[in-house]
Amino acid sequence: MLVIGKGNSAFETADSLVETAAVIHVAGPSSIRMAWRTHFVGNLRAVNNNFLDTYQLKSQNAVLDGDVRRIERQADGSYLVTVSFARADEVTKDIPYDRVVVCTGFRIDASIFSEECRPDLTINDRFPALTPAYESVNVPDLYFAGTLTQSRDFKRGTSGFIHGFRYGTRALHRILENRYHGAGWPGHELPADPEALAAAVLERVNRSSALWQQFGLLGDVVVLDGHGGARYLEELPVDLEGPPIGDGGHFTITLEYGPEHDKVDPFDIGVGRIRQNDAERAAEGHYLHPVVRHHRAGAPPAVHHVTENLENEWTSRETHVEPLRAFFARQAASIPA
């Protein structure tokens, strides 16, 4: 058996055939990326990687690193496949197989659209190119929902999967309600007081499943009214512009992994981690944690990281609340009267 692809569908297929196929090869040109390392659930999940043991612990199964150049059907119904190996100086080999299974993903079928409303495509023409509002970049009033929205966080987030795009779909519903029916965005009023703002932010990050699942893509937004008040809006695409955010400056609240988190083996005890109560070094954390940004016209955003926590509970007065309160106080003082 030859299974073409190195994602979850390929390895799930290979795993299911181990008991019935004499020899199984899984082939593809790219490296295998483990989901537990990248935090991207589209990479190989542990539940699907048993096949790797049958390779590395020496059954006859194997993972082939290279391109499938040609597949020829033979007279007896078998296949002769030419593989160009990536790690053997472009060595090619013709390998016979009884069956070939292709597990290489999907692409949108844009033929259903007429020429005057055909959306631009992106990422090797696999997905529609979208604005932060899930709207086609070239066809006004054409919106997309579900796994087709994964170009917004491709190979980084969860928009390709139900546990992620269900929150993106809810955000799309709210965008349509706001744009076409004048409905206000869900949220509440609160005083623009640093203590109140810090309390509101930490209450949300401790219980919001949308910010948790759509990390770095959906966020809460705080808009100050300039008269001592603020409106706290929930679960917007963080790079959305215009209503309901406006252009007078705002705060975004997201959950994010640290920079280059996928370069670190989380099970390597030789890799150090910051202390959970080290608020001064919070930006160095690799694990998911709250990030608050103050966006102002003509200036780079001011950024505050709430330090990571093993239980994902940001409730400590000294470690979480007070540093965030102080950040809001500094930013409030920087806003022109």
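Here the structure is a predicted model, which means the values were calculated and not measured.

A. Molecular detail of the nonpolar core. If you look at the biggest cluster of nonpolar residues, it comprises 25 residues, and the most contacted ones within it are Val201, Ile253, Val292, Leu324 and Phe328. Counting only elements with at least two residues in this core, the list comes to helix H5 (194–205), strand S11 (229–237), strand S12 (250–256) and helix H7 (317–334). A total of six residues in this core trace back to one element, the largest contributor, which is H5. When neighbours within four sequence positions are excluded, Leu324 is seen to be in contact with Ala198, Val201, Leu202, Val292 and His304. With 17 residues, the next largest nonpolar core counts Ile175, Leu217, Leu233 and Leu236 among its residues.

B. Broad picture of helix H4 (residues 162–181). Given a rise of 1.5 Å per residue, 20 residues ought to cover 28 Å, and the 27 Å separating the end C-alpha atoms of H4 matches this to within 8%. Residues of H4 that are buried include every one of Gly164, Phe165, Tyr167, Gly168, Ala171, Leu172, Arg174, Ile175 and Asn178, and no others. For H4, the angular spread of buried residues about the axis comes to 165 degrees, placing them on one side. Those residues of H4 that are exposed and aimed more than 90 degrees away from the buried face are Ile162 and His181. The elements touched by buried residues of H4 are helix H6 (209–213), strand S10 (218–224) and S11.

C. Inspection of the side chain of Thr252 at higher detail. Inspection of the secondary structure puts Thr252 in strand S12. Within polar-contact distance, the side chain of Thr252 engages the side chain of His295 at 3.0 Å. Dropping the residues within four chain positions of it, Thr252 is found in contact with Asp220, Val221, Val238, Val291, Val292, Arg293 and His295.

D. Spotlight on the pairing of strand S2 (residues 25–28). Burial along S2 is two-sided: the face carrying His25 and Ala27 and the face carrying Val26 and Gly28 are both buried. Crossover strand S1 (residues 2–4) to S2 through helix H1 (residues 8–17) is right-handed. Bridge analysis of S2 against strand S3 (residues 62–73) gives four bridges, and the strand direction is parallel. Its bridge partner lying in S3, His25 is registered against Ala62.

E. Structural context of the packing of aromatic side chains. Applying the stated criterion to the full structure yields twelve aromatic pairs. Here Phe40 and Phe161 contribute two aromatic rings whose centre-to-centre distance is 5.9 Å and whose plane-to-plane angle is 65 degrees, an arrangement assigned as edge-to-face. Of this pair, Phe40 sits in the loop between helix H2 (35–38) and helix H3 (50–56) while Phe161 sits in the loop between strand S8 (127–128) and H4; the two residues are 121 residues apart in sequence, bridging distant segments of the chain. Lying across the ring of Phe106, Arg126 places its NZ or CZ 5.9 Å from the centre.

F. Region of interest: the pattern of salt bridges. Throughout the structure, instances matching the rule amount to 22 salt bridges. The closest approach of N and O atoms between Arg170 and Glu235, which form a salt bridge, is 2.8 Å. With Arg170 in helix H4 and Glu235 in strand S11, this residue pair connects regions lying 65 residues apart in the sequence. By relative accessible area, Arg170 is classed as partly exposed at 34%. Judged by relative accessible area, Glu235 falls into the buried class, the value being 6%. Between Glu284 and Arg281 there is a salt bridge, with the nearest N and O atoms lying 2.8 Å from each other. Residue Glu284 is classed as partly exposed on the basis of its relative accessible area of 44%. What emerges from the salt-bridge pattern is a single network uniting Arg170, Arg174, Arg204, Asp220, Glu234 and Glu235.

The rules behind these values
Residues numbered from 1 in each chain as written. Predicted model: local features only at pLDDT ≥ 70, side-chain atom pairs only at ≥ 80, totals over all residues. Heavy atoms only, no water. Core = buried A, V, L, I, M, F, W, Y, C linked by side-chain atoms within 4.5 Å. Buried < 20%, exposed > 50% of the residue type's maximum accessible area, 1.4 Å probe, protein only. Helix = DSSP H or I, 4+ residues; strand = E, 2+ residues; numbered from the N terminus. Contact = heavy atoms within 4.5 Å. Expected span 1.5 Å × (residues − 1). Arc of directions from axis to C-beta. Polar contact = N/O pair within 3.5 Å; in protein donor to acceptor, adjacent residues only side chain to side chain. Right-handed = clockwise from strand over helix to strand, strands pointing away. Pairing = 2+ DSSP bridges. Phe/Tyr/Trp six-rings, centres within 6.5 Å; stacked < 30°, edge-to-face > 60°. Lys NZ or Arg CZ within 6 Å of the ring centre and 35° of its normal. Salt bridge = Lys/Arg side-chain N within 4 Å of Asp/Glu carboxyl O.

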